[in-house]
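For reference, the chains in residue letters:
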Amino acid sequence: MDHEHHPEFPESAGREPADAPFQPGWKRNVDIAHWAVDRIVSGFCFVVLSAMSVVVLAGVISRYVFNDALSWSEEFAIWAFTWLIFLGAAVAIGRHGHVAMTFLSNALKGRARDALAIVRDGAIFLTLLMFVTKGIELSQMVGGTSASLQWPNALRYAVIPAAGVIGAFLYLTNDVARAASRVHRLAGLALSVAAYFALEGGALMPLLGGASPSVVMLGAFFVLLLVGVPVSFCLIASVMVTTWTGGMLPAPAVMQNAVAGAGKFILLAIPFFLSAGYLLTLGGLSSRLIDFANSLVGHFRGGLAHVNVLNSLMLGGVSGSTSADAASTTKIIVPEMVKRGYSAPFSCAITAASSLLPNVVPPAIAMLVFASVVDVSIAQLFIGGVVPGIVLAAALMLTAYIIARRRNYESAKARAPYSEVWRTFLRAIPVLIVVIVVLGGIRFGVTTATEAGVMTLFYVFLLGKIVFNAYSWPDFYTNFRECSVEAATVAFLIAASAPFAWILIAEQVPQTLIAWVSTVADSRILVLLAMNVVLFGVGMFLDLTPAMLITAPLFMPVLANFGVDPVQVGIIMIINLQLGGVTPPVGILVFVSSQIAKVQPGLVFRAVIPFIVAILGVILLLDMLPFLTLGLWDLLG
């Protein structure tokens, strides 16, 4: 799996579009146009995310301070989120910002690789062409006005064809300086137009007209995945294929289903918490957590390795983003670890492994995604992640301690005086208080996850910009704009998975899976172990979010049939699928850390093996001991 971009800022495609105007001749004009459209649309995404944030915060203040809820605020935020999702996804496709599986194209050479690239580009353009044509059909079919805003409903769906046009332009004009890219794009565009008219004409009906829609969809999905099409586009395109074979969902309904899948108020917490994580790093607030962690565990053998883990545990309670944690921790802690005698591969390995924690400790983006597809309380899921997060951190620290003793890394030293612990604690309080407010507010029903997310965002903004003045307004604009695009790519995956899951459920695939599992496993533990094996394999090839969106609707009915609590399933699934971030061939967390630290990824993959074993041990504990995920909720009453 790859994003084909710089790991710190996933949306930038590894270069600033501003360098485009220095190309000679017509290429310069194309690059200028590409850069201008990218900046205008991503700037609009910044405006939309800002408007969403202000409106939701206004709704929170109005409800809690004036006891008068703004009835239109929720509807406005959901509509704005729809526009953000599709426009941000269009910008991201022009930057290669969507996650995709690229190991097949990397393994091929010469003409075979060129042919694969043309097919990949053709599939992407075909999907965008469907956005345009079927999005227009949907906009024309939808009538009436919204309940609160009294806006035409067609306006909400008009963003789909607009995103198709913008995405196609940005993808076509990306990297025009390379002749090979130009040929691939133009050939892919021509292929997509030809394929569209052939498919609309019923070319697949004689071949697949009587086939099961779920079989057709899954077959198309895996073919497109191997070709290197971004996962979110694979999900949408594979459902579209079923519409050309007499499937259950007509093409406009696929689009409407996708919008409905992401049009949930709870999912607004994703851009809010993600933005808070961006501003936390931008404002330098994470360094306060590192100093506090160092005062607590820095005196043990392998002290900086323990600081690395503890920092991720505390930072996870605010940022909820694994890639952001891996990038920031690598920049801040790894150079210091190497300076103190740790090997560079080990330093990157502990950083990559501990970067799993932000999606286990609340408020985790992965938990919000899981809650969007499974009927589970987000408050219970958040609380359920606290103990497993601490257990996982302890397992990683124990493993680091054993390795540090064997390799004689950083001897134990005098414990920091209590005055130092107190001083660093006081400096870290402004950040730590976020975790307490978020967990307490959600657990005791004071706020929803979305409300907690927007309050966290504004609190971190006030700390970093107003209180500490740690960054300029241009820096804020740039980072918040890029964050809006990244949040859109995550939400677009959720939107794309909705019609995919609908087809599977309508075809009774989960029920079939339940019947099969019941014949090979007759106990709760055996079913959990079987799920773990499958998830470990899936996670090696698919990113956490799409993997969870695909597997959760399949496994949850099976496990519910054996009486397994969905909170326990969610935590186990999140940890298990994240192992793909530290295992080949995907290993995005390893690639992020190794690229920033300039270390060979192969050496880091070897160094991370003991930590993978430790994580698998924690998963086994969570399988056997449900109270680790459910006990704290019961204790809190």
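Computed from a predicted structure; not experimentally measured. (Residues numbered from 1 in each chain as written. Predicted model: local features only at pLDDT ≥ 70, side-chain atom pairs only at ≥ 80, totals over all residues. Heavy atoms only, no water.)

Please provide a residue-by-residue account of the environment of Arg288, values included.
Within the secondary structure, Arg288 is located in helix 13 (residues 286-297). Sequence separation of Arg288 and Phe425 is 137 residues, and the distance between their C-alpha atoms is 8.4 Å. If near-sequence neighbours (up to four positions away) are discounted, Arg288 is found in contact with Thr424, Arg427, Ala428 and Phe468. There is a polar contact of 3.0 Å between the side chain of Arg288 and the backbone oxygen of Arg427. (Helix = DSSP H or I, 4+ residues; strand = E, 2+ residues; numbered from the N terminus. Contact = heavy atoms within 4.5 Å. Polar contact = N/O pair within 3.5 Å; in protein donor to acceptor, adjacent residues only side chain to side chain.)

Tell me what's going on with the packing of helix 9 (residues 213-227) against helix 23 (residues 473-506), and back it up with residues and numbers.
Relative orientation of the contacting elements helix 9 and helix 23 amounts to 140°, with a least axis distance of 9 Å. What the angle tells us is that helix 9 and helix 23 run oblique. For the pair helix 9 and helix 23, the crossing hand works out as left-handed. Across the interface between the two elements, Pro213, Ser214, Met217, Leu218 and Phe221 from helix 9 touch Phe500, Ile503 and Leu504 from helix 23. (Axes fitted to C-alpha atoms, helices over the stretch in contact; angles between N-to-C directions. Parallel < 35°, antiparallel > 145°, perpendicular 65-115°, else oblique. Left-handed = near helix turned anticlockwise from the far one by under 90°.)

Give me the packing of helix 10 (residues 231-243) against helix 23: which residues, what numbers.
Interhelical geometry of helix 10 versus helix 23 gives an angle of 30° and a closest axis separation of 8 Å. With respect to helix 23, the axis of helix 10 lies roughly parallel. For helix 10 against helix 23, the interelement crossing comes out left-handed. Note on element contacts: helix 23 touches helix 10 through Phe492, Leu493, Ala496, Ser497, Pro499, Phe500 and Ile503, opposite Val231, Ser232, Phe233, Leu235, Ile236, Ser238, Val239 and Thr242. Class assignment of the residues belonging to the contact of helix 10 with helix 23 gives a composition of 11 nonpolar, four polar and no charged. (Nonpolar A, V, L, I, M, F, W, Y, C, P; charged D, E, K, R; others polar.)

Outline helix 23, listing residues and values.
With 34 residues, helix 23 should reach 50 Å at 1.5 Å per residue; the first-to-last C-alpha distance of 49 Å fits that figure. The largest bend along helix 23 reaches roughly 25° and is located at Ala498, with the proline Pro499 sitting one to four residues downstream. Just beyond helix 23, the residue with positive phi is Gln508, at close to 60°. (Expected span 1.5 Å × (residues − 1). Bend = angle between axes of the 7 residues up to and from the residue.)

Give me the lowdown on the packing of aromatic side chains, citing residues and values where you can.
Geometry of an aromatic ring pair is reported as the spacing of the ring centres plus the angle between the planes. One pass over the full model with this rule turns up 25 aromatic pairs. Consider the rings of Tyr196 and Phe197, whose centres lie 5.6 Å apart with planes at 80°: the pair is edge-to-face. Look at Tyr196 and you get buried, because its relative accessible area is 9%. Residue Phe197 is classed as exposed on the basis of its relative accessible area, which comes to 57%. What links up through ring pairs into an aromatic cluster is the set Phe46, Phe461, Trp473, Phe476, Tyr477 and Phe480. We note Arg185 situated over the ring of Tyr171; from NZ or CZ to the ring centre the distance is 4.3 Å. Above the face of the Phe468 ring, Arg288 is positioned so that its terminal group lies 4.1 Å from the ring centre. (Phe/Tyr/Trp six-rings, centres within 6.5 Å; stacked < 30°, edge-to-face > 60°. Buried < 20%, exposed > 50% of the residue type's maximum accessible area, 1.4 Å probe, protein only. Lys NZ or Arg CZ within 6 Å of the ring centre and 35° of its normal.)

Report on the side chain of Ser146, specifying residues and quantitative values.
Within the secondary structure, Ser146 is located in the loop between helix 4 (110-141) and helix 5 (153-157). At a separation of 3.1 Å, a polar atom in the side chain of Ser146 contacts the main-chain amide nitrogen of Gln150. Every residue in contact with Ser146, bar those within four places of it in the chain, is listed here: Glu75, Trp79, Trp151 and Asn153.

Please provide a residue-by-residue account of the pattern of salt bridges, values included.
It is possible for side chains bearing opposite charge to pair when their charged atoms get close. By the definition in use, this model includes 14 salt bridges. Residues Arg185 and Asp121 are paired through a salt bridge, measuring 3.3 Å at the closest nitrogen-oxygen approach. A residue pair is termed long-range when its members are at least 10 positions apart, and Arg185 in helix 7 (residues 179-200) and Asp121 in helix 4 qualify at 64 residues. (Salt bridge = Lys/Arg side-chain N within 4 Å of Asp/Glu carboxyl O.)

I'd like a description of the nonpolar core, backed by residues and values.
Counting 211 residues, the largest nonpolar core has Phe370, Met548, Met573 and Phe611 as its most contacted members. Ignoring any residue separated from it by four or fewer positions in sequence, one finds Met573 in contact with Phe370, Met531, Leu535, Met548, Thr551, Ala552 and Phe555. (Core = buried A, V, L, I, M, F, W, Y, C linked by side-chain atoms within 4.5 Å.)

Give a description of the side chain of Arg481 that names residues and reports values.
Its location among the elements puts Arg481 in helix 23. Using a relative accessible area of 5% as the deciding quantity, one classes Arg481 as buried. Setting aside its immediate chain neighbours within four residues, Arg481 contacts Arg39, Ser42, Gly43 and Phe46.

I'd like a description of a nonpolar patch on the surface, backed by residues and values.
A cluster of nonpolar residues, Ile525, Leu526, Leu529, Leu620, Leu621 and Met624, forms a patch on the protein surface that exposes about 460 Å² of accessible area. At the level of secondary structure, the elements contributing two or more residues to the nonpolar patch comprise helix 25 (524-539) and helix 30 (609-624). Topologically, Leu526 is positioned in helix 25. On the basis of relative accessibility, which here comes to 41%, the residue Leu526 falls in the partly exposed class. (Patch = residues over 30% accessible without salt bridge, like charges linked within 9 Å, V, L, I, M, F, W, Y side chains within 5 Å. Areas by Shrake-Rupley, 256 points an atom, 1.4 Å probe, with all protein chains shown as cover.)

Describe unusual backbone geometry, naming the residues involved and giving the relevant values.
Positive phi, normally seen in glycine, also occurs at Asn408, with a value near 60°. What makes Asn408 exposed here is its relative accessible area of 54%.

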